[in-house]
Amino acid sequence: MTTTKSYINKVMHDRKSVRKYEANFKIPQSELEELLEEATTAPSSSNLQPWRFLVIQDEEVKKDLRLIANNQEQVETASAIIAVLGDTEMYNNAEEVFTKNFELGYMDEATKNMMIENSLKLYPNLPKEILKNIATFDAGLISMQIMLLAKDMGYDTVTMGGFNKEAFAERFELTDNLVPIVLIAIGKAAASAYGSSRLALNDIAKFI
């Protein structure tokens, strides 16, 4: 059976992890803002949207970050680095989120009140490690959307989990509720990315 591949399928396959960037190319901040706003359509636990972003464009700051990120070249040469952070106190946004959902007609008032109450009962009483896991999972969802949207805009990306998270938190003076999760380099590729193979479906999936 042959099917015509969709546009999203093409973008998904065209997206590669690029590590060589044109150092003098700069993405307008307005486009970075558009990218992040579009990416926030990603799902999250109870729709509490625990992701936060630190978008690093300053050349001197990128040099500092390169030292924190195991001297990875793309940290300095990419147009920007999007640091995806997780807010372990995401429950503080419950009233704002569900009130807006009610105002937009997405839920009735009784549901709004129930969701606010349930969120404020559940999340603040969870261990910090579980809250961190929730934020990390949700950060993964939005990070993938950022990379696909970036490719659709004509830019390339690479994710980096290999950096000193304690040093990052100290350098950028993060509050205790903000957890650094991943860095995403974004810019204009200066060289093609390497191809990469994938495990066979039979080795990774079981249908029962």
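Residues numbered from 1 in each chain as written. Predicted model: local features only at pLDDT ≥ 70, side-chain atom pairs only at ≥ 80, totals over all residues. Heavy atoms only, no water.

Draft legend 1. Representation of the pattern of salt bridges. By the definition in use, this model includes 10 salt bridges. For Lys20, the salt bridge goes to Glu73, with nearest N and O atoms at 3.1 Å. A residue pair is termed long-range when its members are at least 10 positions apart, and Lys20 in the loop between helix H1 (7-14) and helix H2 (29-39) and Glu73 in helix H4 (residues 73-77) qualify at 53 residues. Given the relative accessible area of 30%, Glu73 is considered partly exposed. Note that Lys121 and Glu117 form a salt bridge whose closest N and O atoms lie 3.1 Å from each other. Remark: Glu117 and Lys121 occur in helix H6 (residues 109-122); sequence separation between them is 4 residues, near one turn of the helix. Residue class for Lys121 comes out exposed when judged on its relative accessible area of 53%. (Salt bridge = Lys/Arg side-chain N within 4 Å of Asp/Glu carboxyl O. Helix = DSSP H or I, 4+ residues; strand = E, 2+ residues; numbered from the N terminus. Buried < 20%, exposed > 50% of the residue type's maximum accessible area, 1.4 Å probe, protein only.)

Draft legend 2. Spotlight on helix H5 (residues 94-103). Of all the positions in H5, only Ala94, Val97, Phe98 and Asn101 are classed as buried. The buried residues of H5 all sit within an arc of 85° when viewed along its axis, so they share a single face. Away from the buried face of H5 by more than 90 degrees, exposed residues Glu95, Glu96, Lys100 and Glu103 are located. Of the surrounding secondary structure, the elements contacted by the buried residues of H5 are H6. (Arc of directions from axis to C-beta. Contact = heavy atoms within 4.5 Å.)

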